[in-house]
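# Structural overview for review
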Amino acid sequence: MSGTSAALKPPADAVRPVRHPEAPAPGELLGAHYEHCFGCGEGQRHGLHLQARAGDGLSVTAEFTVQAAHQGAPGLAHGGILTTALDETLGSLNWLLRVIAVTGRLETDFVRPVPVDTVLHLDAEITAVHGRKIYSRATGRIGGPDGPVAVRAEALFIEVKVDHFIENGRPAEIEAAMADPDQVRRARAFEVNP
Ligand SMILES: CCCCC/C=C\C/C=C\C/C=C\C/C=C\CCCC(=O)SCCNC(=O)CCNC(=O)[C@H](O)C(C)(C)COP(=O)(O)OP(=O)(O)OC[C@H]1O[C@@H](n2cnc3c(N)ncnc32)[C@H](O)[C@@H]1OP(=O)(O)O
């Protein structure tokens, strides 16, 4: 069984966006958007440490190795962890548009169980944009980049301004982020008109 809800179908007048001229080149590692992010932060001890790489056009790839700490059932990855890896990969597509966007809706199909120690080969692409709404999809394969699909997702991200974080984040972390020139530079790299 698979399928997605109507909210994930781009409207007829949605456009296929173009890659931002200053987007990272194909093959380039994108880097973490926030060092304490559970998905990609290098400073997050319990995180997934996902490293996404720019692909051609509006696509990215990433690899994620399932650890023993990620189990749901004995020896198998927890579905929420796999969804997090998909969410993070989809979120990294923002670098290609230089737009800040947050996940509004994310639907995952779990097609095959994913054992601990498996490398999940992820790829994601933007399919359409309509106003602030960014439509995308991702797959995770096992046994190699061309192996069978284990998980796939479709998502709707919504463009926001940096104020979204400043107004909603816990003050301690926001103040620390704003005092860190690297973090400010990374946030600006997402903005169309910094
Ligand atoms: C210097 C300090 C810097 C600090 C910042 C640091 C780094 C920043 C850089 C990058 C970080 C960015 C992202 C992170 C990337 C990857 C991590 C993984 C991604 C995530 O883990 S991210 C966390 C989970 N995520 C949330 O925490 C969102 C909570 N949520 C909200 O904050 C609001 O809900 C929001 C903003 C989404 C919308 O609110 P809003 O008021 O702005 O807009 P509104 O409601 O009007 O929606 C506009 C149009 O989207 C449609 N729409 C909205 N939501 C929908 C839904 N769920 N399903 C279907 N359609 C939906 C409406 O129907 C309307 O459609 P239409 O235009 O056609 O009417």
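These figures come from a predicted structure and were not determined experimentally. (Residues numbered from 1 in each chain as written. Predicted model: local features only at pLDDT ≥ 70, side-chain atom pairs only at ≥ 80, totals over all residues. Heavy atoms only, no water.)

## A closer look at the overall build of the protein
Along its length, the protein carries five helices and eight strands. Element order for the protein, N to C, with α for helix and β for strand: β-β-β-β-α-α-β-β-β-β-α-α-α. Taking the principal axes of the C-alpha coordinates as reference, the protein spans close to 45 × 45 × 30 Å. Across the 194 residues in the protein, those meeting the buried criterion constitute 41%. Expressed as a percentage of contacts within the protein between residues at least 6 apart in sequence, the contacts between residues at least 24 apart total 67%. Total accessible area computed for the protein in this model is approximately 10,300 Å², and 53% of it derives from carbon and sulfur atoms. (Helix = DSSP H or I, 4+ residues; strand = E, 2+ residues; numbered from the N terminus. Buried < 20%, exposed > 50% of the residue type's maximum accessible area, 1.4 Å probe, protein only. Contact = heavy atoms within 4.5 Å. Areas by Shrake-Rupley, 256 points an atom, 1.4 Å probe, with all protein chains shown as cover.)

## A word on the UniProt feature "domain: Thioesterase" (unreviewed entry) in the protein
UniProt tags residues 75-139 as "domain: Thioesterase" (unreviewed entry). The straight-line gap between the two end C-alpha atoms of residues 75-139 is 21 Å; of that span, 26% is helix and 48% is strand. (UniProt positions renumbered as here; feature names shortened; annotations may be inferred.)

## Some thoughts on the layout of surface pockets
Approximately 1,200 Å³ is the volume attributed to the largest pocket. Residue lining of the largest pocket: 45 residues in total, with H33, Y34, C37, F165 and Q183 positioned closest to the centre. When residues of the lining of the largest pocket are traced back to their parent elements, those giving at least two are β1 (51-54), α1 (79-91), α2 (94-97), β5 (101-110), α3 (163-168), α4 (171-178) and α5 (181-189). Among the elements that take part in the lining of the largest pocket, α5 stands out by supplying five residues, more than any other. A breakdown of the residues in the lining of the largest pocket according to their chemical character gives 23 nonpolar, 14 polar and eight charged. If you add up the space inside the second largest pocket, you get close to 160 Å³. (1 Å grid on protein atoms, 1.4 Å probe; cavity = no way out; pocket = protein on both sides within 12 Å on 5 of 7 lines; lining within 4 Å. Points joined across faces, edges and corners; volume = space filled by probe spheres on them. Nonpolar A, V, L, I, M, F, W, Y, C, P; charged D, E, K, R; others polar.)

## Points about unusual backbone geometry
Within the chain, H49 stands out as a residue other than glycine whose phi angle is a positive 55°. Inspection of the secondary structure puts H49 in the segment before β1. A positive phi is found at R98, a non-glycine position, where the angle reads about 55°. Among the secondary structure elements, R98 is positioned in the loop between α2 and β5. Exposure remark for R98: the relative accessible area of 15% places this residue in the buried category.

## Details of the nonpolar core
Nonpolar side chains tend to gather and get buried jointly when the protein is soluble and globular. Core analysis: the biggest nonpolar cluster contains 41 residues, and F64, L90, L120, L122 and I134 have the highest contact counts within it. Counting only elements with at least two residues in this core, the list comes to β1, β2 (59-65), α1, α2, β6 (119-130), β7 (133-141) and β8 (149-159). (Core = buried A, V, L, I, M, F, W, Y, C linked by side-chain atoms within 4.5 Å.)

## As for the environment of V149
Here V149 is to be found in strand β8. C-alpha separation for the pair V149 and T139, spaced ten residues apart in sequence, amounts to 6.7 Å. In contact with V149, not counting residues within four places along its chain, are V111, R112, G140 and R141.

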